[in-house]
Amino acid sequence: MALNKKSVDDINVKGRRVLVRCDFNVPLKNGEITDETRIVAALPTIKKLIKDGGKVILCSHLGKVKNGPNEGESLAPVAKRLSEKLGKDVKFVDDYNVTGAAATGAVEAMKEGDVVLLQNTRFRGKEETKPEEAGEAFAKELADLADDYVCDAFGSAHRAHASVAVVTKYIKEKGGNNAVGYLMQKEIDFLGNAVENPVRPFVAILGGAKVADKLNVINTLLEKCDTLIIGGGMAYTFLKAKGYEIGNSLLDDSKIDYCKEMMEKAEKSGKKLLLPIDTVCIDEFPNPIDNPSIATTIVDSDKIPSNKEGADIGPKTIELYSEAVKSAKTVVWNGPMGVFENPVLANGTKEVAKALSETEATTIIGGGDSAAAVNQLGFADKMSHISTGGGASLEFLEGKKLPGVYAADDK
Ligand code: 3PG
Ligand code: MG
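Attention in this report is confined to the structure presented alongside it. (Residues numbered from 1 in each chain as written. Chains lettered and ligands numbered in written order. Predicted model: local features only at pLDDT ≥ 70, side-chain atom pairs only at ≥ 80, totals over all residues. Heavy atoms only, no water.)

Strand pairing in a sheet relies on backbone hydrogen bonds. The paired strands run either parallel or antiparallel. Spatially, 3 strands are ordered S13-S12-S14 in an open sheet, and the strand pairing comes out antiparallel. Looking at the sheet topology across the chains shown, the edges are occupied by strand S13 (297–300) and strand S14 (309–313). Here the strands of the sheet are splayed against their neighbours by 45 degrees on average, with no regard to which way each runs. Bridge count between strand S12 (residues 278–282) and S14: 4 bridges; the pairing is antiparallel. The residue bridging cysteine 281 from the neighbouring strand is glycine 310, located in S14. Lying on the sheet, helix H11 (residues 315–326) is in contact with S12, S13 and S14; it crosses S14 at an angle near 40 degrees. (Pairing = 2+ DSSP bridges. Helix = DSSP H or I, 4+ residues; strand = E, 2+ residues; numbered from the N terminus. Axes fitted to C-alpha atoms, helices over the stretch in contact; angles between N-to-C directions. Contact = heavy atoms within 4.5 Å.)

Below is the structure:
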(Lines give C-alpha, C1' and ligand atoms only; values in the text may rest on other atoms or scores of the structure.)
(Ligands and ions follow the chains in the order given, each with its own letter.)
Protein backbone atom coordinates (compact mmCIF):
# COMPACT_ATOMS: atom_id res chain seq x y z
CA MET A 1 0.00 0.00 0.00
CA ALA A 2 1.93 2.98 -1.26
CA LEU A 3 1.50 6.06 0.84
CA ASN A 4 0.07 8.79 -1.32
CA LYS A 5 1.07 11.63 1.00
CA LYS A 6 3.46 14.48 0.38
CA SER A 7 6.83 13.58 1.88
CA VAL A 8 9.98 15.50 2.75
CA ASP A 9 11.22 14.60 -0.72
CA ASP A 10 8.37 16.55 -2.28
CA ILE A 11 8.96 19.91 -0.59
CA ASN A 12 11.66 22.54 -0.97
CA VAL A 13 12.51 23.85 2.47
CA LYS A 14 15.50 26.05 1.62
CA GLY A 15 15.41 29.07 3.88
CA ARG A 16 12.02 28.04 5.24
CA ARG A 17 10.99 27.37 8.83
CA VAL A 18 9.90 23.75 9.15
CA LEU A 19 8.08 22.52 12.22
CA VAL A 20 8.76 18.80 12.68
CA ARG A 21 6.66 16.75 15.08
CA CYS A 22 8.77 13.84 16.32
CA ASP A 23 8.01 11.17 18.88
CA PHE A 24 10.79 11.77 21.39
CA ASN A 25 8.77 10.05 24.10
CA VAL A 26 11.78 8.06 25.30
CA PRO A 27 12.07 6.18 28.59
CA LEU A 28 14.07 8.05 31.27
CA LYS A 29 15.64 6.80 34.48
CA ASN A 30 17.01 9.44 36.86
CA GLY A 31 17.09 11.93 33.98
CA GLU A 32 19.04 9.56 31.70
CA ILE A 33 17.65 8.21 28.44
CA THR A 34 17.52 4.41 28.73
CA ASP A 35 16.48 3.68 25.12
CA GLU A 36 17.37 6.11 22.34
CA THR A 37 15.63 4.16 19.54
CA ARG A 38 13.09 6.89 18.86
CA ILE A 39 15.76 9.59 18.69
CA VAL A 40 17.87 7.58 16.26
CA ALA A 41 14.79 6.80 14.17
CA ALA A 42 14.07 10.52 13.74
CA LEU A 43 17.56 11.40 12.45
CA PRO A 44 17.13 10.71 8.69
CA THR A 45 14.34 13.29 8.34
CA ILE A 46 16.11 15.87 10.49
CA LYS A 47 19.39 15.45 8.58
CA LYS A 48 17.60 15.75 5.25
CA LEU A 49 15.95 19.03 6.28
CA ILE A 50 19.26 20.40 7.60
CA LYS A 51 21.02 19.45 4.36
CA ASP A 52 18.32 21.15 2.31
CA GLY A 53 18.85 24.41 4.21
CA GLY A 54 15.66 24.37 6.26
CA LYS A 55 15.32 26.00 9.67
CA VAL A 56 14.38 22.91 11.63
CA ILE A 57 12.03 23.44 14.58
CA LEU A 58 11.47 20.16 16.43
CA CYS A 59 8.65 19.41 18.85
CA SER A 60 7.43 16.36 20.76
CA HIS A 61 5.66 15.22 23.89
CA LEU A 62 7.31 13.18 26.62
CA GLY A 63 5.37 11.14 29.15
CA LYS A 64 1.71 11.46 30.03
CA VAL A 65 2.23 14.78 31.94
CA LYS A 66 -0.56 14.29 34.43
CA ASN A 67 0.52 16.91 36.97
CA GLY A 68 1.46 19.84 34.80
CA PRO A 69 4.87 20.93 33.57
CA ASN A 70 7.80 19.54 35.56
CA GLU A 71 11.54 19.07 35.13
CA GLY A 72 11.22 15.28 35.20
CA GLU A 73 9.32 15.41 31.92
CA SER A 74 11.40 18.13 30.29
CA LEU A 75 12.85 17.43 26.85
CA ALA A 76 16.26 18.74 27.97
CA PRO A 77 17.90 15.25 27.96
CA VAL A 78 16.60 14.75 24.42
CA ALA A 79 18.11 18.05 23.24
CA LYS A 80 21.46 16.96 24.61
CA ARG A 81 21.37 13.49 23.05
CA LEU A 82 20.15 14.92 19.75
CA SER A 83 23.07 17.38 19.65
CA GLU A 84 25.47 14.48 20.13
CA LYS A 85 23.81 12.40 17.43
CA LEU A 86 23.67 15.23 14.89
CA GLY A 87 27.11 16.53 15.77
CA LYS A 88 25.71 20.05 15.95
CA ASP A 89 24.15 22.37 18.46
CA VAL A 90 20.43 21.88 19.09
CA LYS A 91 19.05 25.00 20.71
CA PHE A 92 16.59 23.98 23.43
CA VAL A 93 13.79 26.45 24.18
CA ASP A 94 13.19 25.65 27.81
CA ASP A 95 9.87 27.44 28.16
CA TYR A 96 6.99 25.58 29.82
CA ASN A 97 4.63 27.52 27.59
CA VAL A 98 6.26 25.74 24.57
CA THR A 99 5.39 28.55 22.16
CA GLY A 100 5.57 32.28 23.03
CA ALA A 101 8.32 34.88 23.18
CA ALA A 102 11.23 32.50 23.88
CA ALA A 103 10.30 30.21 21.00
CA THR A 104 9.62 33.08 18.61
CA GLY A 105 12.95 34.68 19.53
CA ALA A 106 14.87 31.44 19.04
CA VAL A 107 13.25 30.88 15.65
CA GLU A 108 13.93 34.46 14.52
CA ALA A 109 17.60 33.95 15.27
CA MET A 110 17.82 30.76 13.18
CA LYS A 111 20.00 30.45 10.12
CA GLU A 112 19.59 27.83 7.39
CA GLY A 113 20.38 24.36 8.73
CA ASP A 114 19.94 25.36 12.38
CA VAL A 115 17.96 23.14 14.75
CA VAL A 116 15.72 24.25 17.62
CA LEU A 117 13.83 21.94 19.99
CA LEU A 118 10.71 23.23 21.75
CA GLN A 119 9.69 22.10 25.24
CA ASN A 120 7.33 19.14 25.87
CA THR A 121 4.10 19.87 23.97
CA ARG A 122 2.02 18.24 26.72
CA PHE A 123 3.15 21.01 29.06
CA ARG A 124 0.27 22.85 27.37
CA GLY A 125 -2.10 20.44 29.11
CA LYS A 126 -5.52 19.98 27.59
CA GLU A 127 -4.70 22.45 24.86
CA GLU A 128 -2.37 19.85 23.41
CA THR A 129 -4.41 16.72 23.96
CA LYS A 130 -7.97 17.99 23.62
CA PRO A 131 -8.33 20.17 20.54
CA GLU A 132 -11.91 20.93 21.55
CA GLU A 133 -10.56 22.58 24.70
CA ALA A 134 -8.71 25.49 23.13
CA GLY A 135 -6.21 23.19 21.45
CA GLU A 136 -6.93 25.24 18.37
CA ALA A 137 -5.08 28.15 19.94
CA PHE A 138 -2.02 26.03 20.67
CA ALA A 139 -2.10 24.51 17.19
CA LYS A 140 -2.20 28.01 15.66
CA GLU A 141 0.68 29.21 17.83
CA LEU A 142 2.75 26.24 16.68
CA ALA A 143 1.85 26.94 13.06
CA ASP A 144 2.78 30.64 13.52
CA LEU A 145 6.36 29.58 14.24
CA ALA A 146 6.76 27.86 10.87
CA ASP A 147 6.14 27.92 7.13
CA ASP A 148 5.86 24.16 6.60
CA TYR A 149 5.05 21.18 8.82
CA VAL A 150 6.43 17.65 8.78
CA CYS A 151 4.94 14.86 10.84
CA ASP A 152 7.47 12.14 11.62
CA ALA A 153 5.97 11.09 14.96
CA PHE A 154 4.73 7.64 14.01
CA GLY A 155 4.44 6.61 17.66
CA SER A 156 1.98 9.47 18.23
CA ALA A 157 0.23 9.34 14.87
CA HIS A 158 -2.88 7.75 16.43
CA ARG A 159 -3.43 10.89 18.54
CA ALA A 160 -5.47 13.70 16.98
CA HIS A 161 -3.57 16.22 19.09
CA ALA A 162 -2.74 19.86 18.35
CA SER A 163 0.91 19.19 17.45
CA VAL A 164 0.15 15.98 15.54
CA ALA A 165 -2.87 16.85 13.46
CA VAL A 166 -4.65 20.14 14.21
CA VAL A 167 -1.58 22.25 13.37
CA THR A 168 -1.85 21.18 9.71
CA LYS A 169 -5.02 23.24 9.31
CA TYR A 170 -3.21 26.49 10.12
CA ILE A 171 -0.17 25.64 8.01
CA LYS A 172 -2.48 24.98 5.10
CA GLU A 173 -4.38 28.21 5.69
CA LYS A 174 -1.26 30.19 5.03
CA GLY A 175 -0.26 28.15 2.00
CA GLY A 176 2.43 25.97 3.63
CA ASN A 177 3.08 22.28 3.07
CA ASN A 178 2.07 19.46 5.39
CA ALA A 179 4.27 16.45 4.72
CA VAL A 180 5.30 13.20 6.36
CA GLY A 181 8.89 12.27 7.22
CA TYR A 182 10.99 9.21 6.38
CA LEU A 183 10.21 7.38 9.61
CA MET A 184 6.51 7.71 9.00
CA GLN A 185 6.95 6.45 5.44
CA LYS A 186 9.05 3.49 6.53
CA GLU A 187 6.62 2.43 9.24
CA ILE A 188 3.67 2.63 6.92
CA ASP A 189 5.46 0.77 4.13
CA PHE A 190 6.35 -2.14 6.42
CA LEU A 191 3.15 -2.36 8.42
CA GLY A 192 0.95 -1.56 5.45
CA ASN A 193 2.58 -4.08 3.11
CA ALA A 194 2.48 -6.81 5.73
CA VAL A 195 -1.24 -6.43 6.10
CA GLU A 196 -2.36 -5.47 2.63
CA ASN A 197 0.10 -7.31 0.48
CA PRO A 198 1.84 -10.01 2.52
CA VAL A 199 4.09 -12.65 1.02
CA ARG A 200 2.37 -15.82 2.25
CA PRO A 201 2.22 -17.73 4.48
CA PHE A 202 1.54 -14.76 6.73
CA VAL A 203 1.75 -15.55 10.44
CA ALA A 204 0.57 -13.03 13.03
CA ILE A 205 1.55 -13.42 16.66
CA LEU A 206 -0.37 -11.57 19.34
CA GLY A 207 0.38 -11.51 23.02
CA GLY A 208 0.07 -9.17 25.96
CA ALA A 209 -2.14 -9.14 28.99
CA LYS A 210 -5.64 -8.24 27.89
CA VAL A 211 -7.96 -9.45 25.14
CA ALA A 212 -9.86 -6.19 25.48
CA ASP A 213 -6.84 -4.21 24.19
CA LYS A 214 -6.57 -6.34 21.08
CA LEU A 215 -10.18 -6.95 20.02
CA ASN A 216 -10.03 -5.18 16.69
CA VAL A 217 -6.55 -6.29 15.84
CA ILE A 218 -7.45 -9.96 16.44
CA ASN A 219 -10.43 -9.58 14.17
CA THR A 220 -8.57 -7.74 11.41
CA LEU A 221 -5.48 -9.94 11.44
CA LEU A 222 -7.61 -13.06 11.38
CA GLU A 223 -8.97 -11.85 8.04
CA LYS A 224 -5.56 -11.02 6.59
CA CYS A 225 -3.25 -13.76 7.90
CA ASP A 226 -2.96 -17.50 7.33
CA THR A 227 -2.10 -18.39 10.92
CA LEU A 228 -2.90 -16.40 14.04
CA ILE A 229 -0.89 -17.28 17.14
CA ILE A 230 -2.09 -16.20 20.57
CA GLY A 231 0.11 -16.04 23.66
CA GLY A 232 0.54 -13.96 26.79
CA GLY A 233 -2.11 -13.24 29.41
CA MET A 234 -4.87 -12.96 26.86
CA ALA A 235 -4.46 -16.60 25.82
CA TYR A 236 -6.18 -17.72 29.04
CA THR A 237 -9.48 -16.13 28.10
CA PHE A 238 -9.30 -18.11 24.85
CA LEU A 239 -8.53 -21.30 26.79
CA LYS A 240 -11.47 -20.59 29.07
CA ALA A 241 -13.64 -20.08 25.99
CA LYS A 242 -12.55 -23.54 24.84
CA GLY A 243 -13.99 -24.88 28.06
CA TYR A 244 -10.73 -25.35 29.99
CA GLU A 245 -10.29 -24.47 33.65
CA ILE A 246 -7.58 -21.85 33.98
CA GLY A 247 -7.10 -21.58 37.75
CA ASN A 248 -6.10 -18.07 38.82
CA SER A 249 -4.83 -17.09 35.36
CA LEU A 250 -5.77 -13.72 33.90
CA LEU A 251 -9.34 -13.83 32.67
CA ASP A 252 -11.31 -11.24 30.78
CA ASP A 253 -14.76 -12.56 31.68
CA SER A 254 -16.67 -10.23 29.41
CA LYS A 255 -14.65 -11.35 26.39
CA ILE A 256 -15.24 -15.10 26.53
CA ASP A 257 -17.96 -14.92 23.90
CA TYR A 258 -15.76 -12.77 21.73
CA CYS A 259 -13.02 -15.41 21.88
CA LYS A 260 -15.53 -18.10 20.91
CA GLU A 261 -16.62 -15.98 17.99
CA MET A 262 -13.02 -15.56 16.84
CA MET A 263 -12.36 -19.29 17.09
CA GLU A 264 -15.45 -19.98 14.98
CA LYS A 265 -14.41 -17.33 12.50
CA ALA A 266 -11.00 -18.99 12.13
CA GLU A 267 -12.57 -22.40 11.69
CA LYS A 268 -15.04 -21.18 9.05
CA SER A 269 -12.45 -19.32 7.02
CA GLY A 270 -9.90 -22.14 7.17
CA LYS A 271 -7.38 -20.11 9.14
CA LYS A 272 -5.18 -21.65 11.79
CA LEU A 273 -5.61 -20.16 15.24
CA LEU A 274 -2.94 -21.50 17.58
CA LEU A 275 -3.31 -21.39 21.37
CA PRO A 276 -0.83 -22.53 24.02
CA ILE A 277 -0.87 -26.30 24.48
CA ASP A 278 1.17 -26.11 27.68
CA THR A 279 1.71 -23.43 30.27
CA VAL A 280 4.27 -22.34 32.85
CA CYS A 281 2.34 -21.90 36.10
CA ILE A 282 3.20 -19.95 39.24
CA ASP A 283 1.57 -19.74 42.68
CA GLU A 284 1.35 -15.98 42.74
CA PHE A 285 2.43 -13.01 40.67
CA PRO A 286 6.08 -12.08 41.36
CA ASN A 287 6.64 -9.03 43.51
CA PRO A 288 8.68 -7.14 42.44
CA ILE A 289 7.88 -8.23 38.92
CA ASP A 290 11.51 -9.19 38.18
CA ASN A 291 11.97 -11.25 41.36
CA PRO A 292 13.90 -14.30 40.11
CA SER A 293 13.20 -16.56 43.10
CA ILE A 294 9.88 -17.87 41.95
CA ALA A 295 8.79 -21.49 41.65
CA THR A 296 7.21 -22.76 38.40
CA THR A 297 5.37 -25.88 37.24
CA ILE A 298 4.70 -26.81 33.62
CA VAL A 299 1.34 -28.35 32.80
CA ASP A 300 -0.76 -29.00 29.70
CA SER A 301 -3.09 -26.09 29.06
CA ASP A 302 -6.19 -28.11 29.92
CA LYS A 303 -4.71 -29.07 33.30
CA ILE A 304 -3.98 -25.76 35.00
CA PRO A 305 -4.46 -26.41 38.75
CA SER A 306 -7.16 -24.33 40.41
CA ASN A 307 -4.67 -22.66 42.79
CA LYS A 308 -2.13 -21.65 40.13
CA GLU A 309 -1.88 -19.10 37.38
CA GLY A 310 -0.32 -19.31 33.93
CA ALA A 311 2.56 -16.88 33.36
CA ASP A 312 4.33 -18.06 30.20
CA ILE A 313 3.95 -20.52 27.33
CA GLY A 314 5.49 -23.95 27.91
CA PRO A 315 8.12 -25.87 25.87
CA LYS A 316 5.64 -27.75 23.66
CA THR A 317 3.97 -24.47 22.75
CA ILE A 318 7.34 -22.90 22.00
CA GLU A 319 8.01 -25.71 19.57
CA LEU A 320 4.59 -25.38 17.95
CA TYR A 321 4.91 -21.60 17.53
CA SER A 322 8.52 -21.80 16.33
CA GLU A 323 7.51 -24.33 13.64
CA ALA A 324 4.76 -22.01 12.44
CA VAL A 325 7.25 -19.14 12.24
CA LYS A 326 9.73 -21.32 10.33
CA SER A 327 7.35 -21.93 7.46
CA ALA A 328 6.19 -18.30 7.25
CA LYS A 329 7.21 -15.71 4.67
CA THR A 330 5.81 -12.75 6.64
CA VAL A 331 5.54 -12.50 10.42
CA VAL A 332 3.99 -9.69 12.44
CA TRP A 333 4.43 -9.85 16.20
CA ASN A 334 2.81 -7.71 18.86
CA GLY A 335 2.84 -8.48 22.58
CA PRO A 336 4.96 -10.74 24.81
CA MET A 337 4.18 -14.44 25.39
CA GLY A 338 4.51 -14.26 29.18
CA VAL A 339 5.69 -12.08 32.05
CA PHE A 340 8.92 -11.35 30.17
CA GLU A 341 10.06 -8.76 32.72
CA ASN A 342 10.83 -11.73 34.98
CA PRO A 343 13.87 -13.81 33.87
CA VAL A 344 12.14 -17.04 34.94
CA LEU A 345 9.04 -16.24 32.88
CA ALA A 346 10.74 -14.76 29.80
CA ASN A 347 11.49 -18.00 28.03
CA GLY A 348 8.44 -18.08 25.75
CA THR A 349 8.99 -14.51 24.61
CA LYS A 350 12.69 -15.15 24.16
CA GLU A 351 12.22 -18.32 22.11
CA VAL A 352 9.60 -16.72 19.87
CA ALA A 353 12.00 -13.80 19.33
CA LYS A 354 14.73 -16.31 18.53
CA ALA A 355 12.51 -18.12 16.01
CA LEU A 356 11.83 -14.78 14.32
CA SER A 357 15.52 -13.94 14.29
CA GLU A 358 16.34 -17.21 12.50
CA THR A 359 13.74 -17.10 9.73
CA GLU A 360 14.27 -15.66 6.24
CA ALA A 361 10.75 -14.25 6.41
CA THR A 362 10.03 -10.53 6.64
CA THR A 363 9.68 -9.97 10.37
CA ILE A 364 7.84 -6.96 11.73
CA ILE A 365 7.71 -6.17 15.41
CA GLY A 366 4.94 -3.94 16.72
CA GLY A 367 6.25 -1.34 19.15
CA GLY A 368 5.81 -1.18 22.90
CA ASP A 369 6.52 -4.33 24.92
CA SER A 370 7.42 -6.61 22.01
CA ALA A 371 9.96 -4.07 20.71
CA ALA A 372 11.35 -3.72 24.24
CA ALA A 373 11.59 -7.52 24.56
CA VAL A 374 13.39 -7.89 21.23
CA ASN A 375 15.83 -5.11 22.16
CA GLN A 376 16.39 -6.44 25.65
CA LEU A 377 16.99 -9.97 24.40
CA GLY A 378 19.50 -8.76 21.82
CA PHE A 379 17.64 -9.75 18.64
CA ALA A 380 16.89 -6.26 17.35
CA ASP A 381 19.26 -6.27 14.38
CA LYS A 382 17.86 -9.61 13.17
CA MET A 383 14.38 -8.22 12.51
CA SER A 384 13.25 -6.62 9.24
CA HIS A 385 11.44 -3.81 11.03
CA ILE A 386 10.78 -2.81 14.61
CA SER A 387 8.04 -0.25 14.88
CA THR A 388 8.60 2.83 17.02
CA GLY A 389 4.88 2.93 17.78
CA GLY A 390 3.02 0.79 20.31
CA GLY A 391 -0.58 2.01 20.23
CA ALA A 392 -0.01 3.51 16.78
CA SER A 393 1.18 0.25 15.22
CA LEU A 394 -1.76 -1.61 16.76
CA GLU A 395 -4.28 0.90 15.44
CA PHE A 396 -2.59 0.79 12.06
CA LEU A 397 -2.81 -3.02 12.00
CA GLU A 398 -6.47 -2.70 12.93
CA GLY A 399 -6.93 -0.79 9.70
CA LYS A 400 -7.71 2.54 11.34
CA LYS A 401 -6.77 5.81 9.71
CA LEU A 402 -4.13 7.49 11.85
CA PRO A 403 -4.78 11.24 12.32
CA GLY A 404 -1.06 12.05 12.01
CA VAL A 405 -0.91 10.40 8.59
CA TYR A 406 -4.30 11.46 7.41
CA ALA A 407 -3.68 15.16 8.13
CA ALA A 408 -0.74 15.40 5.70
CA ASP A 409 -1.33 16.79 2.20
CA ASP A 410 -2.04 14.28 -0.56
CA LYS A 411 0.57 14.25 -3.30
C1 3PG B 1 3.76 6.13 23.14
O2 3PG B 1 4.86 5.96 23.67
O3 3PG B 1 2.81 5.35 23.27
C4 3PG B 1 3.61 7.32 22.24
O5 3PG B 1 4.69 8.19 22.40
C6 3PG B 1 2.32 8.02 22.48
O7 3PG B 1 2.24 8.38 23.81
P8 3PG B 1 0.82 8.29 24.56
O9 3PG B 1 0.42 6.85 24.55
O10 3PG B 1 1.08 8.85 25.93
O11 3PG B 1 -0.13 9.13 23.75
MG1 MG C 1 1.07 4.83 24.48
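Neighbouring ligand 1 are Asp23, Asn25, Arg38, His61, Lys64, Arg122, Gly155, Ser156 and Arg159. Histidine 61 places a polar side-chain atom, nitrogen or oxygen, 3.1 Å from an oxygen atom of ligand 1. The separation between an oxygen atom of ligand 1 and a polar side-chain atom of lysine 64 is 2.8 Å. Within the complex, the protein chains bury 84% of what would otherwise be the 300 Å² of accessible surface of ligand 1. Taken together, the residues that form the shell around ligand 1 break down as no nonpolar, 4 polar and 5 charged. (Near = heavy atom within 4 Å. Polar contact = N/O pair within 3.5 Å; in protein donor to acceptor, adjacent residues only side chain to side chain. Areas by Shrake-Rupley, 256 points an atom, 1.4 Å probe, with all protein chains shown as cover. Nonpolar A, V, L, I, M, F, W, Y, C, P; charged D, E, K, R; others polar.)

With that settled, consider the packing of aromatic side chains. Counted according to the given criterion, the structure contains 1 aromatic pair. Pairing tyrosine 96 with phenylalanine 123 gives two aromatic rings, centres 5.1 Å apart and planes at 75 degrees, and the pair type is edge-to-face. Of this pair, tyrosine 96 sits in the loop between strand S5 (90–93) and helix H3 (101–108) while phenylalanine 123 sits in the loop between strand S6 (115–118) and helix H4 (126–129), and the two are 27 residues apart along the sequence. Since its relative accessible area comes to 6%, phenylalanine 123 is described here as buried. (Phe/Tyr/Trp six-rings, centres within 6.5 Å; stacked < 30°, edge-to-face > 60°. Buried < 20%, exposed > 50% of the residue type's maximum accessible area, 1.4 Å probe, protein only.)

By the definition in use, this model includes 29 salt bridges. A salt bridge links glutamate 133 to lysine 126, with the shortest nitrogen-to-oxygen separation between them at 3.7 Å. Salt-bridge contacts for lysine 354 lead to glutamate 358; the nearest nitrogen and oxygen are separated by 3.6 Å. Taken together, the positions of lysine 354 and glutamate 358, both in helix H12 (residues 347–358) and 4 residues apart, correspond to about one turn of that helix. (Salt bridge = Lys/Arg side-chain N within 4 Å of Asp/Glu carboxyl O.)

Now for the nonpolar core. Leu19, Leu118, Ile218 and Leu228 are the most contacted members of the largest nonpolar core, which totals 76 residues. Dropping the residues within four chain positions of it, leucine 19 is found in contact with Ile57, Cys59, Leu118, Leu142, Ala146, Asp148, Tyr149, Val150 and Val167. Counting residues in hydrophobic clusters, the runner-up holds 29 residues, among them Val20, Leu75, Leu86 and Phe92. (Core = buried A, V, L, I, M, F, W, Y, C linked by side-chain atoms within 4.5 Å.)

Here leucine 49 lies in helix H1 (residues 37–51). Taking C-alpha positions, leucine 49 is 17 Å from lysine 5, a pair spaced 44 residues apart along the chain. In this structure, leucine 49 is in contact with Val8, Val13, Val18, Val20, Gly54, Val56 and Val150, ignoring residues within four places of it in sequence.

Taken together, 6 strands build an open sheet; the order of strands is S5-S6-S4-S1-S7-S8 and the sheet is parallel. Each edge of the sheet is formed by a strand with only one pairing partner; in this case those strands are S5 and strand S8 (178–180). Mean inter-strand twist for the sheet, computed between neighbouring axes without regard to direction, equals 25 degrees. Pairing analysis gives 3 bridges linking strand S4 (residues 55–59) to S6, with the strands arranged parallel.

Turning to H3, a few remarks are in order. Among all positions of H3, only Ala103, Ala106 and Val107 are buried. Along the long axis of H3, the arc covered by the buried residues comes to 95 degrees, so they all point the same way. Among the exposed residues of H3, those oriented more than 90 degrees off its buried face are Ala101 and Glu108. (Arc of directions from axis to C-beta.)

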